[in-house]
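Fold and contact review
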Number of protein chains: 2
Amino acid sequence: MASVCHHIPLSLFSGHIAGLESSRFTYPNPTAPIVLRTPFYPTGAPFCRRGTARYHRKSLKVCAAAVVNRVAHGGAAEPVMKTVILGTVDESENLTLDKIRDNLIRQEDTIIFSLIERAQFRQNSAAYDAKSNSVPGFDGSLLDYLLKETEHLHAKVRRYTSPVEHPFFPDDLPEPVLPPLAYPQVLAPAAKDININPRIRAMYFEDLLPKIASAGDDGNYGSTACSDVLCLQALSARIHYGKFVAEAKFRQQPDLYIPLIEAQDKQGLVDLLTFPAQEQKVLDRVELKAATYGQDVTQAAPLEHRTYKIEPKEIARLYGEWIIPLNKDVQIQYLLRRLDER
Amino acid sequence: MASVCHHIPLSLFSGHIAGLESSRFTYPNPTAPIVLRTPFYPTGAPFCRRGTARYHRKSLKVCAAAVVNRVAHGGAAEPVMKTVILGTVDESENLTLDKIRDNLIRQEDTIIFSLIERAQFRQNSAAYDAKSNSVPGFDGSLLDYLLKETEHLHAKVRRYTSPVEHPFFPDDLPEPVLPPLAYPQVLAPAAKDININPRIRAMYFEDLLPKIASAGDDGNYGSTACSDVLCLQALSARIHYGKFVAEAKFRQQPDLYIPLIEAQDKQGLVDLLTFPAQEQKVLDRVELKAATYGQDVTQAAPLEHRTYKIEPKEIARLYGEWIIPLNKDVQIQYLLRRLDER
């Protein structure tokens, strides 16, 4: 992740870091002469030694000040600039390895909620047809327009600086207007290059949506596209979370994974990380959730005659047929590059 | 709703309408010389007689052509312009009176889903503090920024042409880039002037949010604000749906409502439209939904020891204390003006 530092060569950071105790900078109005466009990592970052960060317990803000020396450039150790790295830390603990299982289970809820919301509308295929789009100057469907513009807006509030978020239109995203958020550094550097959103998008429109939404057209293209954006974002987050899953598996059994990675043995990796009993457990849970969240809670009918907003068995099938395999593909892509740049 | 026609005085439409059969215009590229910036109403609109609309069954698009005469201006009956009114029709049937109850119940799900999603994050008050906002050139909090920009984008896909949608930043919204959608004409003209979003916003941040989200700050201001936007939109839609509720009640008992409206007897109207038993039913259902949707479905604990993502009794209490009264206030405001412009 060190490569997200765009403005100052990393080598500058190899000098010693000092001066914290005497510095008092508070978010959001730093008086710093330079604010780096990079997250500040309390631990593990190549440019920040332990002990240079202080947490304001009350506000959970992080302030750090560093005097960076020119030693990396072979010069004398005089300070050349005072650098203040400011940011907030993701304290939600969602991205630590021991929270992965909880996070995956929680994301199922988001996916099922968003699919239930989408199922209010018909398929409305005109929203996906570039020829039906009447947005002046935009070449693409209404959904393309809304998705791209939403990502543009969310990029400004730093959505895509999070390692769990992946844009569908990664080109030309604006820089965040918020100061950077420091995430726990969990993933290997190659993680940031893996984005399978084109396949997620194809799966959603070709395989998922026709099973979720009734055929036909109710004219609500705008609402439909807003709802699709939420579904796509939820699916993308869940599927790309495979990076964290793979990292956790790798750390549990590095001795088994490293030889397979070094041999670039894709099938060997698939076999090693696949647990059919665990996958069945996910499918059962997803079906139960779809039945629970999609039911009419006031319906007095016996279980076998109940109607659901979306068909639970179908959701479980789609999960097993599409979402889990795409997630597994992310895991494999990540593991094959897990040892890069070490 | 006829007053949403901004560009051409209504009186122009009182002439006769003809010429449909010979006209073939297709969405989305009308070859029409004039496209009115108003929804096209297949029935009931002052300017469109029955039989002048044709549905393309296949696509549910509506095309209509009308030659409007100058008769309303006292002139001869020669045609002064050929007007083509194009649009799609909301076929979801959500806005017809007999669907109101279903729609209200359905909207509870959307609200509870969105509150559950919001509860993933802490209160994160910095997202609501204009002083903490670092968006260059924007005077307001991060939430203000995201809400305003989201509304700006959604306005383009005609969100706020729907009678159930009300912007929080109604000024300077852009015109829709989609052709107008024709909604069933259910409400009285005054409906469009009623927007209590400032109060909904205050209620959400002062009363609801502190009970939903844990105290403190996890740094995820962007995700928090995205989630708030969905909550606010869901709450606003549900509360302003009071217009449809009031219209339905009015139509059931016009003889009781009309004298109270003519006397502008607010308390009389409150008494007439309040059904405590019905309200209790809503609260019970909301509590059951919050418990159902917010549960850990895999939890084996007995009911009394279960933990929920949001506290069901608290959600029911907030619903009873804030959402129902605000909805009722919309009903009253609407009814007091129900007979205007008749």
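For the structure itself, consult the block above.
As the structure is a computational prediction, the values presented were derived from the model and not from experiment. (Residues numbered from 1 in each chain as written. Chains lettered and ligands numbered in written order. Predicted model: local features only at pLDDT ≥ 70, side-chain atom pairs only at ≥ 80, totals over all residues. Heavy atoms only, no water.)

1. Quick notes on the overall build of chain A
Along chain A, the regular secondary structure elements total nine helices and four strands. Secondary structure elements in chain A, listed N-terminal to C-terminal, are β-β-β-α-α-β-α-α-α-α-α-α-α. For chain A, contacts bridging at least 24 residues in sequence account for 75% of all contacts bridging at least 6. Summed over its atoms, the accessible surface of chain A is roughly 15,200 Å², and 52% of this surface lies on carbon and sulfur atoms. (Helix = DSSP H or I, 4+ residues; strand = E, 2+ residues; numbered from the N terminus. Contact = heavy atoms within 4.5 Å. Areas by Shrake-Rupley, 256 points an atom, 1.4 Å probe, with all protein chains shown as cover.)

2. Details of the packing of aromatic side chains
Applying the stated criterion across every chain yields a total of 14 aromatic pairs over all chains. Between A:Tyr204 and A:Phe205, the ring centres sit 4.9 Å apart and the planes meet at 75°, which makes this aromatic pair edge-to-face. An identical accessibility class is assigned to A:Tyr204 and A:Phe205; each is buried. Members of the aromatic cluster, joined through ring pairs, are A:Phe113, A:Tyr293, B:Phe113 and B:Tyr293. (Phe/Tyr/Trp six-rings, centres within 6.5 Å; stacked < 30°, edge-to-face > 60°. Buried < 20%, exposed > 50% of the residue type's maximum accessible area, 1.4 Å probe, protein only.)

3. A few points about the side chain of B:Gln233
Tracing the sequence through the fold places B:Gln233 in helix 4 (residues 221-240). Setting aside chain neighbours within four positions, we find B:Gln233 in contact with B:Thr150, B:His154, B:Arg159, B:Tyr160 and B:Phe168.

4. Topic: unusual backbone geometry
Phi angles above zero are rare outside glycine, and A:Arg158 is one such case at about 65°. For A:Arg158, the position within the fold is in the loop between helix 2 (142-156) and strand 4 (181-182).

5. Points about helix 7 (residues 266-273) of chain A
Note: α-helices contain 3.6 residues per turn, so residues at a spacing of three or four share the same orientation. All names here are of chain A. Buried within helix 7 we find Gly268, Leu269 and Leu273. Looking straight down helix 7, one finds its buried side chains confined to an arc of 115°; they lie on one side. The exposed set on the far side of helix 7, more than 90 degrees from its buried face, consists of Gln267 and Asp271. Considering only its buried residues, helix 7 is in contact with helix 5 (242-252), helix 6 (254-262) and helix 9 (312-336). A side-chain oxygen of the first residue of helix 7 lies 3.4 Å from the backbone nitrogen of glutamine 267; this N-cap is aspartate 265. (Arc of directions from axis to C-beta. Polar contact = N/O pair within 3.5 Å; in protein donor to acceptor, adjacent residues only side chain to side chain.)

6. Describing the nonpolar core
Core analysis: the biggest nonpolar cluster contains 101 residues, and A:Leu115, A:Tyr204, A:Leu208, B:Leu115 and B:Leu208 have the highest contact counts within it. Not counting residues within four places of it along the chain, the set of residues in contact with A:Tyr204 comprises A:Leu115, A:Arg118, A:Leu209, A:Pro210, A:Asp228, A:Cys231, A:Leu232 and A:Leu235. Within the second largest apolar cluster, 25 residues are counted, among which are B:Ala191, B:Ala248, B:Leu260 and B:Leu269. (Core = buried A, V, L, I, M, F, W, Y, C linked by side-chain atoms within 4.5 Å.)

7. A word on the pattern of salt bridges
Between side chains of opposite charge, pairing is possible as soon as their charged atoms come close. Across all of its chains, the model carries 36 salt bridges over all chains by this definition. Across the salt bridge formed by B:Arg106 and A:Glu117, the nearest N and O atoms sit 2.8 Å from each other. On the criterion of chain membership, the pair formed by B:Arg106 in helix 1 (residues 100-118) and A:Glu117 in helix 1 (residues 100-118) is interchain, its members lying in two chains. Within the structure, one salt-bridge network assembled from shared partners comprises A:Glu108, A:Asp109, A:Arg285, A:Lys289 and B:Lys309. (Salt bridge = Lys/Arg side-chain N within 4 Å of Asp/Glu carboxyl O.)

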